[in-house]
Amino acid sequence: MPNARILDGKALANRLQAELAQEVQAWSAVTGVKPGLAVVLVGAEPASMVYVRNKRKAAHSAGFEDHLIEMPSDISQQALVDEVEKLNANPAVHGILVQLPLPKHLDSEQILRRIRPEKDADGFHPVNMGLLALGTPKLVPCTPLGVKELLIRESIPTKGKRVVVVGRSNIVGKPMALLLMAKGEGGDATVTIVHTASEDMPGLCREADILVVAAGQPEMVKGSWIKPGAVVIDVGIHRRADGSLCGDVDFAEASEVASAITPVPGGVGPLTIAMLLRNTFEAAKSLVSSNPS
Ligand code: NDP
């Protein structure tokens, strides 16, 4: 039996989705509009198909209208941009998600920049990243937003705490650090970001009261890297050769040292989808109130 409290992201995601479904129902009753999420899937990569299926299922059960746009893997950059522009102009679509990764011949960054910032359900557009950096967030990348929600709902204080974020990617590490250093609930932390050029990774991680790991390296963080009693959030997800899943943290070791830890699967992953729906609903509310029909 691990010593650490298990932070059950799946149960929390279910609660968040039930709360959201109620809010959506009340809002739709007043406005006559259903929040619309468009998911663009290019090609038929099996992992992407599973993610898209899960997102659509969750959207449907929360009372959203979902639009699936399937494109062949050899689609041209211009044809995909045209598709995004159509969704930008479609009043029934409030959130647009282009499932990554895209085939290698496509420039993902340029495609994501063509999504209208007001419909950027993933929060990856430079305008949304800029607003987050300025401390006035609108649509925030879903995975770090889910981690913040988890910390708040599990009553894990962040104010004044030493947080170490492993990884500086634009979709997880960087926005995670920005959220944790922002003023207010779930923020106000003293944040360190570490990456491949950091010296003494284990020592830096051991300074953390809260350690958030998004390195994309299976079971890299060992029990000896964790300060006794720290909270460990494992964003990583990997499939082992035997088909089982693991994170970026060695769960067996870490759960002996930490006071609380997210499992993989069932930790951060389900929260990402819950936050995607939350972003889409926020986008819908703001688009409908600024342009009532
Ligand atoms: P990226 O590969 O884009 O970024 C990884 C980051 O970790 C980089 O900044 C890299 O540093 C750093 N890093 C890699 N190896 C080390 C190391 N040995 N020591 C220190 N830092 C290291 O990954 P993502 O941020 O996209 O994703 C991270 C993980 O989270 C992946 O396992 C991914 O599958 C998972 N993920 C899970 C999601 C979920 O919903 N649960 C959603 C998104 C991602 P550098 O910049 O120097 O290269």
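Source: prediction; values computed, not measured.

Engineer: Quick rundown of the domain arrangement of the protein? Include the residues and the values.
Structural biologist: Domain annotation for the protein reports domain 1 (32-116) and domain 2 (142-269). Here the C-alpha centre of domain 2 lies 29 Å away from the C-alpha centre of domain 1.

Engineer: Requested: an account of the side chain of Lys-119, with residues and values cited.
Structural biologist: Relative to the helices and strands, Lys-119 is located in the loop between helix 4 (108-114) and helix 5 (126-133). For the buried Lys-119, no salt bridge exists, and the shortest N-O distance to an oppositely charged side chain is 8.3 Å, to Glu-118. At 2.9 Å, the side chain of Lys-119 forms a polar contact with the backbone oxygen of Asn-88. Those residues within four positions of Lys-119 in sequence are excluded, and the remaining contacts are Leu-87, Asn-88, Ala-89, Asn-90, Val-93, His-94, Gly-95, Ile-96 and Leu-287.

Engineer: I'd love a proper account of the nonpolar core, names of residues and values included.
Structural biologist: One finds Leu-37, Phe-64, Leu-180, Ile-210, Val-212, Ile-233 and Leu-277 to be the most contacted residues of the largest nonpolar core, which totals 51 residues. Each of domain 1 (32-116) and domain 2 (142-269) gives at least three residues to this core. Apart from residues lying up to four places away in sequence, Leu-37 is in contact with Ala-59, Phe-64, Glu-65, Asp-66, His-67, Gly-95, Ala-121, Leu-276, Leu-277 and Thr-280.

Engineer: Can you lay out the sheet that holds strand 8 (residues 231-234) for me, pointing to particular residues and giving the numbers?
Structural biologist: The strand order across the open sheet formed by 6 strands is 1-11-8-7-5-6, and the pairing between neighbours is parallel. Across the chains shown, the open sheet's two edge strands, defined by having one partner strand only, are strand 1 (5-6) and strand 6 (190-194).

Engineer: Outline unusual backbone geometry, listing residues and values.
Structural biologist: For the bond from Leu-100 to Pro-101, the omega torsion is 0°, close enough to zero to count as cis. Positionally, Pro-101 belongs in the loop between strand 4 (95-98) and helix 4. Here the amide bond leading from Val-264 into Pro-265 is cis, since omega sits at 0°, within 30 degrees of zero. By the secondary structure assignment, Pro-265 is in the loop between strand 11 (260-261) and helix 10 (268-290).

Engineer: With reference to specific residues and values, describe the site of the ligand.
Structural biologist: Not every one of the 21 residues close to the ligand is listed here, only the nearest: Arg-168, Ser-169, Thr-196, Val-235 and Thr-272. Note that an oxygen atom of the ligand is positioned 3.5 Å from one of the backbone N or O atoms of Ala-214. Here the ligand has 920 Å² of accessible area as a free molecule, and 70% of this is covered by the chains. Classifying every residue of the shell around the ligand by side-chain character gives 8 nonpolar, 11 polar and 2 charged.

Engineer: I'd like a rundown of the sheet that holds strand 4, residues and numbers included.
Structural biologist: The parallel open sheet is built from 3 strands, whose spatial order is 3-2-4. Each edge of the open sheet is held by one strand with a lone partner, namely strand 3 (65-71) and strand 4. Going across the sheet, the axis of each strand differs from the next one's by a mean of 15°, ignoring polarity. Here strand 2 (residues 36-42) runs beside strand 4; their pairing, made up of 4 bridges, is parallel. Bridge pairing in strand 4 links Ala-38 to Ile-96. Contacting strand 2, strand 3 and strand 4, helix 2 (residues 46-61) crosses the sheet at an angle of about 170° to strand 2. Sitting on the sheet, helix 10 is in contact with strand 2 and strand 4, with an inclination near 125° to strand 2.

Conventions used here
- One numbering rule holds for all chains: residues counted from 1, following each sequence as written.
- Only residues with pLDDT of 70 or above have their local features reported here, since the model is predicted, and side-chain atom pairs are shown and tallied only from 80 upward, although totals for entire chains, interfaces and linings are computed over all residues.
- Each side-chain value is worked out from all heavy atoms of the structure, with water and hydrogens disregarded.
- An automatic or database domain assignment supplies the residue ranges for each domain.
- The numbering of helices and of strands both runs from the N terminus, where a helix is a DSSP run of H or I of at least 4 residues and a strand a run of E of at least 2.
- Only protein chains enter the accessibility calculation, which uses a 1.4 Å probe. A residue is then buried if its area is under 20% of the maximum for its type, exposed if over 50%, and partly exposed in between.
- Positive: Lys, Arg. Negative: Asp, Glu. His and the chain ends are not part of the count.
- Put simply, a salt bridge is a Lys or Arg side-chain nitrogen that is within 4 Å of an Asp or Glu carboxyl oxygen.
- Each polar contact in these results corresponds to two N or O atoms within 3.5 Å; when the atoms are within protein, one needs to be able to donate a hydrogen and the other to accept it, and residues that are neighboring in sequence are counted only if both atoms are side-chain atoms.
- Throughout, a contact is declared for two residues whenever any of their heavy atoms are within 4.5 Å.
- Nonpolar core, defined: a set of buried Ala, Val, Leu, Ile, Met, Phe, Trp, Tyr and Cys residues in which side-chain atoms within 4.5 Å join the residues together.
- Any two strands between which DSSP finds at least two bridges are classified as paired.
- Being near a molecule or strand, for a residue, means having at least one of its heavy atoms within 4 Å of it.
- The accessible surface values rely on the Shrake-Rupley method and a 1.4 Å probe; as for residues, cover is taken only from the protein chains in view.
- For this classification, Asp, Glu, Lys and Arg are treated as charged, while Ala, Val, Leu, Ile, Met, Phe, Trp, Tyr, Cys and Pro are nonpolar and the rest, including Gly, are polar.
- Axis definition: a line fit to C-alpha positions, over the contact stretch in the case of helices; interaxial angles, taken between N-to-C directions, run 0 to 180 degrees.

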